[in-house]
Amino acid sequence: QLIGNSVRENESGVFLGTLFVTDKDSSDQFTWQVFDQRFATVGNLLFLAAGSRLDYEVNPQVDLQVRVTDSGTPPLSLTLTKTINVLDVNEFVPDFPPTQFKVSESAVGGSQVGILAASDGDRNNIIRFRITGAPQSVFALDSNTGRISLLPGVSLDNESTASYQLFVEASD
């Protein structure tokens, strides 16, 4: 058995849990062995080895083979597979390139101007968008989809304003 079975990604040398076994020969001592160099045992304590790191984006679970051997004569052993869950850490910031959209000055309020796209190296992160600079009174931004549209009632006039610059932040 293993009490404790998870580790945050990118940690090294951390305590993972206590290994234990029951044996009818109560006087037996036990030795533990793992078959993955990223892990180590000290007595019946399981650690992520110093210098070893797990990456959730590569593998969110590790199946670790553990062998326990008793001190009887002859020594008896048992090999089990234990699953170590790798916990995701938000380690990457969203990234999106500068983007230009063109919109006709005859577009009516509510018309779509464009959709922003952002990427993030983390799995399962939800990226949200928000306008951080003017002109907030002309454009609407759907924080979930990145859809930019003209606000209702807005009309564009190319002669008075030929272009707009929006400052948008993406966060996860």
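Everything quoted here is computed from the prediction, not taken from an experiment.

A. Spatial organisation of the sheet that holds strand E12 (residues 147-150). Pairing in this open sheet of 3 strands is antiparallel, and the strands run E9-E12-E11 from one edge to the other. Either end of the sheet is taken by a strand with one partner, and the two such strands are strand E9 (112-115) and strand E11 (139-141). Here the average twist between neighbouring strands, direction ignored, is 20°. For E11 and E12, the ladder comprises 3 bridges, and the chain directions are antiparallel. Residue Leu-141 lies in a different strand from E12, and its bridge partner there is Ile-148.

B. Highlighting the pattern of salt bridges. Scanning the entire structure with this criterion turns up 3 salt bridges. Here Glu-11 and Arg-8 are joined by a salt bridge, their closest N and O atoms 3.7 Å apart. A salt bridge links Arg-130 to Glu-169; the nearest nitrogen and oxygen atoms lie 3.0 Å apart. You can see Arg-130 sitting in strand E10 (residues 128-131) and its partner Glu-169 sitting in strand E13 (residues 168-171), a full 39 residues away along the chain. A residue is classified by how much of its surface remains accessible, and Arg-130, at 48% relative accessible area, is partly exposed.

C. Seen up close, the pairing of strand E8 (residues 77-87). For strand E2 (residues 6-8) and E8, the ladder comprises 3 bridges, and the chain directions are parallel. The partner of Ser-6 across the bridge, within E8, is Asn-85. Relative to E8, strand E7 (residues 61-70) is paired through 9 bridges, and the arrangement is antiparallel. Bridge assignment links Asp-63 to a residue of E8, and that residue is Thr-83. Linking two consecutive strands that pair antiparallel, namely E7 and E8, is a turn of 6 residues.

Definitions and cut-offs
- Every chain is numbered on its own, with residues counted from 1 as its sequence reads.
- In keeping with the predicted nature of the model, local features appear solely for residues at pLDDT of at least 70, side-chain atom pairs appear and are counted solely at 80 or more, and the whole-chain, interface and lining totals rest on all residues.
- Hydrogens and waters are ignored; side-chain quantities use all the structure's heavy atoms.
- Only when DSSP finds a minimum of two bridges between them are two strands counted as paired.
- Under the DSSP-based scheme used, a helix requires at least four consecutive residues in state H or I and a strand at least two consecutive residues in state E, with every element numbered from the N terminus.
- Working convention: axes come from line fits to C-alpha atoms, limited for helices to the stretch in contact. Angles between N-to-C directions cover 0 to 180 degrees.
- Here a salt bridge means any side-chain nitrogen of Lys or Arg lying within 4 Å of a carboxyl oxygen belonging to Asp or Glu.
- Buried residues are those whose accessible area, probed at 1.4 Å on protein chains only, stays under 20% of the maximum for their type, while exposed residues exceed 50% and partly exposed ones sit between those limits.

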